[in-house]
Amino acid sequence: MNAPLTRPLVFHRPGDTELSRRLRAAVQGDVLFDRASRGRYSTDASIYQIEPIGVLIPRSHDDVRAAVDICREIGAPMLPRGGGSSQCGQTVGAALVIDASKHLREIVAFDREAMTVTVEPGITLDALNAWLKPHGVWFPVDVSTAAQATLGGMAGNNSCGSRSIAYGNMVHNVLAADALLVDGTEVRLGAEARMGDAPPRLRGLMDGLRAIADRERDEIVRQVPKVMRRVGGYNLDAFHPQSERPYTADGSVNYAHLLVGSEGTLAWTRTLTLKLAPLAKHKTLGVVSFPTLYKAMELTKHIVALRPAAVELVDRTMIELARSNPSFRPVIDGALVGEPDAILLVEFIGEDAETPRCTLDNLVALMGDLGLPGQVVRMTDANEQRALWEVRKAGLNIMMSMKGDGKPVSFIEDCAVPLEHLADYVDRLTQVFAKHGTRGTWYAHASVGTLHVRPILDMRRDGAAKMRAIAEEASAMVREYKGAYSGEHGDGLVRTEWVAWQFGPRLTRAFEEVKALFDPDGLMNPGKIVRGTRMDDARLFRYPPGYAPVKLDTALDWSAWDVHADPVTDTVTAPGTGGDPAKGFAKAVEMCNNNGHCRKFDAGTMCPSFRVTRDEEHVTRGRANTLRLAVSGQLGPDFASEAVREALDLCVSCKGCRRDCPTGVDMAKMKIEFAFHWQKKHGLSLKDKLVAYMPKWAPWAARFPFIANLRDALPGAARLSERFAGLSAKRTLPQWRSDTFLSSRVALAANPERPEVVLLVDTFNNYHEPENAHAALRVLRAAGYRVAVARASASDAERDRPLCCGRTYLGAGLVDEAKREARRMVEALAPHAAAGATVVGLEPSCLLALRDEFLVMGLGDEAQRLSTRALMIEEFLAREQREGRLALPLKSLPQKRALVHGHCHQKAFDVLNPAVAVLKLIPGLQVEVIESSCCGMAGSFGYEAAHYDASMKMAELSLLPAVRAAGDDTLIVADGTSCRHQIADGTRASRPREAVHVVRVLASALDPAAQEIRARAAS
Ligand SMILES: Cc1cc2nc3c(=O)[nH]c(=O)nc-3n(C[C@H](O)[C@H](O)[C@H](O)COP(=O)(O)OP(=O)(O)OC[C@H]3O[C@@H](n4cnc5c(N)ncnc54)[C@H](O)[C@@H]3O)c2cc1C
Ligand code: SF4
Ligand code: SF4
């Protein structure tokens, strides 16, 4: 093995500067040559890291053309890229990365009758299928990464979906490709029969390919595995079909199939013409529980005989991991019979409802015949099926949520073996893992003999040696069973060295000739498929031996991540024992495995800033990568650098990633940590100080509201505030009130003995919208609770100042000040909690801080205990209702519909459902949730001039259109102060809408008559 390095290789090439200069002059797209951008593009979902020369985000095909011309002239390599979700290192290299995913995502042509669509390479599968859905068709290569995988990348990798047994791989579904060759020639590759009058360069290419394939015909027959799932090398078998499922229905040649699976090494794919399939009208799912994994694998071949559309494996470890995730648990539990060691998800499809139902019956009968009666859970409901598929799709991501340095590593992840050998293969490979002191989790495509498995290895220590040893034993088995070493994920850096092993020296030479025909100077994605490096060249690892983060004195407690985990016994050492010089922060950042799941636009919150910019810099993955590079010194000696600040600038701290990221990357918390180091080094701006210290000056603003509100009353003042304090003049600010809730008579009197509920009124609701707090008090009292209003404890030096969660300080990185506020809060509320009271709050970001940030501030057990008794008011009411204790007299309202926008933190902590549940208590009220990400206001973010545009774009993604579409008979409900402000601001110009807090809706529905009757009965 090569000597260990502390840093991955950086390939500096002469001409880098010339390249960036010439690109900038020639293209309209972004040209990114700075260190952080190159760092962000130096990884994909593999274990590798190589810094690219630079990055181009082309705006148009003309940009790509210009870049290819310049690179050819300079001799600079190029690397096409889509979502960068490759697992084998295909998109990692010392080249100019050309990223199609931001701009090149048009649907160019659609022919419903011919069932074809032509697309640009940067469109994602989900976006394409969403567009196709109303036409009753879809593109059926349904990869797990459908939300981030681009069609260009899918073709590049010859990707395969769960239903490949029914629809085939990419190669079976690509009809034609427009490509740009390195020499600048534009070619259209397609069915041979249609390429009769090809221009000379193309004709030469075609003749050359045909000659190589015909010359090697015998060797192709001898060496190319006869399984459907074979993804390595170039598809020379397009000329002499070897796959169980020929690439074309009649076995004819399609030249586009040479580009499929070529991993960007032959040409730039400009457009792809794809074969579509009708949307399956009816589906059923049978979930079979097996006592052993071996049994499941042994019986798969019988199940496949029923001609299902998919047979997918989920093993015991995955079942348990899914169960530990609250959102997956009920779904997986509903799919099991007893405590199986493995389950198979067997899907049947049909044009009519009867066919898939009958085949499901056949499955039940078959399992009985095979000695497993009563082991099938029948799922005919589409929603139930969808939920279970989501768990299966999240499989790999669930598995990656393992803490510590050992991680599941992808290198034999997708070997494909014929079904009759599947059980033995799984059994023997499991023993190989055990021999090397590790284990793997098995899942995925049993139907086609491609099982995913990743042994857990520590690449910083002995991972490389174990990787080599396991790969050698696995490959020997694959050969014995006449399988394919790569059945899904391709060659990249991890498997190019195995191409010769799989295909023999003659075909390896033939592949080199194919490469030379397209790209004689070897400029397209060098080192992949041909002329590769060793898989275990540690210089190319993201975490090479000797990798170490810098020492960091963290402000927050990250020790929970600083652990060692034993892959075999699953035991985890105590917090703080993992040896991280950055006190666990580096290991928390390393939880991001680069799978790219955050590059998505579907339901869920993550990641609002990426949704508006589509920049790698502004997605959770890009941020985690930037932090990883910074904390390991790869961006220079200064952790608190401008590059990191820029990457985090548009992060709205919504905590969407905390919930939606499968490995729980919590960027909002990381941003606090960074802000702490930043402000220590650079200080704070006037705006940051104004916002951060608001809890201190708020009492004064309430005493003199006419002065505090001058900014929005005095002509020109807003513009001045923009100029000197960075607050957007396009925004109004929340208005200060003198009639604050905490100074009101009713609040002062709310101090009963032994309260059952303590109402925590935050700075915003106290000073800006006291009616919300009044409404909360009315509702809680109407439900019959003894309510106290939370106040600072008697021993507090600032006794009269309201309690505060410290969030504004956290936003500015003033962690010590935030801790002081948090301590005041704990001191005041812990005695109530200890006495059994529940603390309820109104503002999600304030109340939920007690359950989140307070726990990493070193506040001790009291904070821990308090966190278990701190609930949003709707959570409390919903809980009481569930447990039969809520007696809230409610009458119907004039409005019959309520549209609810969830605050991001409400969604991150699963507190949106309770809000919906309590609104549904109002007779006749129809409650709907707006499928929205962050509203874009996010505390002070949207008020800042620098962020105003991004903020409004976030709101316009789905929230504001939904609000505008709602009629006047619809209530708009939002618990977040800033969400309400954003809704008001965003609708002011058209039809102004006011959003209200849940508790205001409940208060307005209180039935006074019923209350009176109850009061009389009680007296
Ligand atoms: C959690 C997880 C689950 C996965 N599940 C699956 C699965 O179910 N099935 C599956 O097959 N794969 C799967 N993969 C692998 C990966 O997601 C797929 O291969 C995906 O199709 C890659 O798409 P991408 O846009 O990310 O491509 P990228 O990774 O960006 O690129 C892939 C290849 O295509 C080339 N390329 C991209 N654009 C062009 C272009 N315009 N011209 C020429 N070449 C180009 C690149 O150079 C590269 O070699 C999974 C990966 C992860 C992390
Ligand atoms: S942040 Fe999470 S979702 Fe995004 S790439 Fe990293 S691990 Fe995946
Ligand atoms: S906290 Fe929100 S904005 Fe920030 S990275 Fe996570 S999902 Fe994106």
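None of these values were measured; they are calculated from a predicted model. Every chain's residues receive numbers from 1 upward, in the order its sequence appears when written. For naming, the first written chain is A and the first written ligand is 1, with later ones following in the order written. Whole-chain, interface and lining totals are the exception, using all residues; otherwise, since this is a predicted model, local features are given only for residues with pLDDT of at least 70 and side-chain atom pairs are given and counted only at 80 or more. Processing note: side-chain calculations cover all non-hydrogen atoms of the structure and skip hydrogens and water entirely.

Side note on the overall build of the protein
Consideration 1: Only DSSP runs of H or I covering at least 4 residues are called helices, and only runs of E covering at least 2 are called strands; the numbering of each starts at the N terminus. Along the backbone of the protein there are 45 helices and 27 strands.
Consideration 2: For the protein, the C-alpha atoms occupy an extent of roughly 95 × 70 × 55 Å along the three principal directions.
Consideration 3: Burial here depends on accessible area, computed with a 1.4 Å probe over protein chains only, as a share of the maximum for the residue type. Under 20% is buried, over 50% is exposed, and the range in between is partly exposed. Here the protein holds 1019 residues, and the buried ones make up 62% of them.
Consideration 4: By sequence separation, contacts in the protein at least 24 residues apart represent 74% of the contacts at least 6 residues apart.
Consideration 5: On the protein, roughly 37600 Å² of surface is accessible, and the fraction owed to carbon and sulfur atoms is 53%.
Consideration 6: Counting rule for charge: Lys and Arg are taken as positive, Asp and Glu as negative, and neither His nor the chain ends is counted. A charged residue contributes its charge at one atom only: NZ of Lys, CZ of Arg, CG of Asp or CD of Glu. Of the charged side chains in the protein, 126 are positive and 123 negative; the average position of the first set lies 3 Å away from that of the second. Every residue pair with non-hydrogen atoms within 4.5 Å of one another is taken to be in contact. Using the Shrake-Rupley algorithm and a 1.4 Å probe, accessible areas are obtained, with residue cover drawn only from the displayed protein chains.

So, helix α35 (residues 815–834)
Consideration 1: To estimate how far a helix should extend, the number of its residues minus one is multiplied by 1.5 Å. With 20 residues, α35 should cover 28 Å at 1.5 Å per step; its first-to-last C-alpha distance of 26 Å lies within 8% of that length.
Consideration 2: Take the seven residues that end at a residue and the seven that start at it, fit an axis to each, and the angle between those axes is the bend at that residue. Along α35, the sharpest kink reaches roughly 30°, centred on alanine 828 and followed within four residues by the proline proline 831.
Consideration 3: Looking one or two residues beyond α35, the residue adopting positive phi is glycine 836, at roughly 100°.

Some thoughts on the site of ligand 1
Consideration 1: Taken together, 36 residues are adjacent to ligand 1, and Pro80, Gly82, Ser85, Ser86 and Cys160 come closest.
Consideration 2: The fraction of the free accessible surface of ligand 1 (980 Å²) that becomes covered by protein chains is 98%.
Consideration 3: If you list the elements that add at least two residues to the shell around ligand 1, you get β3 (78–81), α5 (151–157), β10 (268–275) and α15 (395–399).
Consideration 4: Top contributing element to the shell around ligand 1 by residue count: α5, with five residues.
Consideration 5: For this scheme, ten residues count as nonpolar: Ala, Val, Leu, Ile, Met, Phe, Trp, Tyr, Cys and Pro. Four count as charged, namely Asp, Glu, Lys and Arg, and the remainder, Gly too, count as polar. Residue classes in the shell around ligand 1 are distributed as 10 nonpolar, 23 polar and three charged. When at least one non-hydrogen atom of a residue lies within 4 Å of a molecule or strand, that residue is treated as near it.

Overview of the side chain of threonine 124
Consideration 1: You can see threonine 124 is positioned in the loop between β6 (116–119) and α4 (125–132).
Consideration 2: Take threonine 124: its relative accessible area is 17%, and that puts it in the buried class.
Consideration 3: In this structure, threonine 124 is in contact with Ala146, Ala147, Gln148, Ala149, Thr150 and Leu151, ignoring residues within four places of it in sequence.

Concerning the environment of lysine 655
Consideration 1: Here lysine 655 shows up in the loop between α23 (642–649) and α24 (656–660).
Consideration 2: With residues up to four places along the chain from it excluded, the contact list for lysine 655 reads Ala668, Arg807, Asp852, Glu853, His905, Ala908 and Phe909.

Quick look at the confidence of the model for the protein
Caution is warranted with low-pLDDT regions, since their predicted coordinates should not be read in detail.
Consideration 1: pLDDT measures the predictor's confidence residue by residue and takes values from 0 up to 100. In the predicted model, the protein carries a mean pLDDT of 94, and 98% of its residues have values of at least 70.
Consideration 2: Across residues 1–15 the pLDDT falls below 50, and counting only partners more than four positions away or on other chains, this stretch makes 32 contacts in the model.

Examining a nonpolar patch on the surface
Consideration 1: Where nonpolar side chains cluster on the molecular surface, the patch consists of Leu686, Leu690, Trp697, Trp700, Phe704, Phe706, Ile707, Leu710, Leu714, Leu720 and Phe724 and spans about 1100 Å² of accessible area.
Consideration 2: Within the secondary structure, leucine 714 sits in the loop between α29 (710–713) and α30 (717–725). Like-charged residues within 9 Å of one another, or nonpolar side chains (Val, Leu, Ile, Met, Phe, Trp, Tyr) within 5 Å, are grouped into patches, provided each residue has over 30% relative accessible area and no salt bridge. For this analysis, a salt bridge means a side-chain nitrogen from Lys or Arg found within 4 Å of a carboxyl oxygen belonging to Asp or Glu.

Quick word on empty space enclosed by the protein
Consideration 1: Grid spacing is 1 Å over the protein atoms alone, the probe is 1.4 Å, and a cavity is where that probe fits but cannot get out, while a pocket is an open set with protein on both sides within 12 Å along at least five of seven lines and lining residues have an atom within 4 Å of a point. Grid points are joined across faces, edges and corners, and a volume is the space filled by probe spheres set on the points. In the structure shown here, the tally under the stated rule is 12 cavities of 30 Å³ or more.
Consideration 2: Computed from the structure, the largest cavity encloses a volume of approximately 290 Å³.
Consideration 3: Surrounding the largest cavity, 22 residues form its lining, Ile47, Met400, Lys407, Arg542 and Tyr543 being those nearest its centre.
Consideration 4: Considering only residue class, the lining of the largest cavity consists of 10 nonpolar, five polar and seven charged.

Some thoughts on the nonpolar core
Consideration 1: Buried Ala, Val, Leu, Ile, Met, Phe, Trp, Tyr and Cys residues that are joined via side-chain atoms within 4.5 Å together make up what is termed a nonpolar core. One finds Phe585, Leu627, Met667, Met670, Leu760 and Leu829 to be the most contacted residues of the largest nonpolar core, which totals 76 residues.
Consideration 2: Element by element, the count of residues in this core is highest for α35, at nine residues.
Consideration 3: Those residues in contact with leucine 829, other than ones at most four positions away along the chain, are Val758, Leu760, Ala790, Leu803, Val839, Leu850 and Leu866.

Here we look at the sheet that holds strand β1 (residues 30–32)
Pairing between the strands of a sheet comes from backbone hydrogen bonds, and it takes one of two forms, parallel or antiparallel.
Consideration 1: With mixed pairing, four strands are arranged side by side in an open sheet as β1-β2-β4-β3. Two strands lie at the open edges of the sheet, namely β1 and β3, each paired on one side alone. Put simply, the sheet's adjacent strands are angled 20° from each other on average, direction ignored.
Consideration 2: Between any two strands, at least two bridges found by DSSP are needed for them to pair. Sheet topology places β1 next to strand β2 (residues 54–57); three bridges connect them, and they run antiparallel. Residue pairing for β2: aspartate 30 is matched across the bridge by isoleucine 57.
Consideration 3: Structural elements are reduced to axes, namely lines fitted to C-alpha atoms, with helices fitted over the stretch in contact, and the angle between N-to-C directions of any two is expressed from 0 to 180 degrees. Contacting β2, β3 and β4 (96–99), helix α3 (residues 61–74) crosses the sheet at an angle of about 170° to β4.

Some details on the sheet that holds strand β25 (residues 926–929)
Consideration 1: Taken together, the four strands give an open sheet; going across it, the order is β25-β24-β26-β27, and neighbouring strands pair in parallel fashion. Looking along the sheet, the strands with just one partner apiece sit at the ends: β25 and β27 (995–996).
Consideration 2: Of the strand pairs in this sheet, strand β24 (residues 897–901) and strand β26 (residues 970–974) are connected by five bridges, and their pairing is parallel. Looking at β26, one finds that valine 900 is bridged to valine 973.
Consideration 3: Its contacts with the sheet place helix α40 (residues 912–919) against β24, β25 and β26, and it is angled at close to 165° to β25.
Consideration 4: The sheet strands contacting helix α43 (residues 977–987) are β24, β26 and β27, and the helix crosses β26 at an angle near 135°.

A look at the packing of aromatic side chains
Consideration 1: Ring pairs are drawn from Phe, Tyr and Trp, using the six-membered ring of Trp, whenever the two centres fall within 6.5 Å, and their geometry is named by plane angle: stacked under 30 degrees, edge-to-face over 60, tilted for the rest. Overall, the coordinates contain 23 aromatic pairs when judged by the stated rule.
Consideration 2: For the ring pair phenylalanine 639 and phenylalanine 674, a centre distance of 5.8 Å and an interplane angle of 75° mean the geometry is edge-to-face. Highlighted residues: phenylalanine 639 in the loop between α22 (620–631) and α23 and phenylalanine 674 in helix α25 (residues 667–682), separated in sequence by 35 residues.
Consideration 3: A residue is classified by how much of its surface remains accessible, and phenylalanine 674, at 3% relative accessible area, is buried.
Consideration 4: Both a distance and an angle decide whether a charge sits over a ring: NZ of Lys or CZ of Arg must be within 6 Å of the ring centre and within 35 degrees of the ring normal. Sitting over the face of the ring of tryptophan 389, arginine 163 holds its NZ or CZ atom 4.8 Å from the ring centroid.
Consideration 5: When the ring centre of tyrosine 485 is taken as reference, the NZ or CZ atom of arginine 495 above it lies at 5.8 Å.

Quick notes on the packing of α35 against helix α37 (residues 860–867)
For any two helices packed against each other, the geometry comes down to the angle between their axes and how far apart the axes lie.
Consideration 1: At a minimum axis separation of 9 Å, α35 and α37 run at an interaxial angle of 60°. On the basis of the axis angle, α35 is oblique to α37. In this structure, α35 crosses over α37, and the sense of that crossing is left-handed. The residues of α37 that touch α35, namely those facing Val826, Leu829, Ala830 and Ala833, are Glu862, Ala863 and Leu866.
Consideration 2: Partitioned by chemical class, the residues of the contact of α35 with α37 number six nonpolar, no polar and one charged. Relative orientations are named as follows: roughly parallel for angles under 35 degrees, roughly antiparallel for angles over 145 degrees, roughly perpendicular for angles from 65 to 115 degrees, and oblique for any other angle. In a left-handed crossing the near helix is turned counterclockwise from the far helix by less than a right angle, and in a right-handed crossing that turn is clockwise.

Quick notes on the packing of helix α7 (residues 200–215) against helix α19 (residues 499–518)
Consideration 1: Direction vectors running N to C along α7 and α19 enclose 175°, while the axes themselves pass 10 Å from each other. Here α7 lies roughly antiparallel to α19, going by the angle between them. Touching Arg201, Leu205, Gly208, Leu209, Ile212 and Arg215 of α7 are Arg506, Ala510, Glu513, Val514, Leu517 and Phe518, all from α19.
Consideration 2: For the contact of α7 with α19, the per-class residue count stands at seven nonpolar, one polar and four charged.

Digging into the environment of alanine 692
Consideration 1: Among the secondary structure elements, alanine 692 is positioned in helix α26 (residues 686–692).
Consideration 2: In this structure the C-alpha to C-alpha distance between alanine 692 and valine 789, which are 97 residues apart in sequence, comes to 24 Å.
Consideration 3: In contact with alanine 692, not counting residues within four places along its chain, are Thr808, Tyr809, Ala812 and Leu814.

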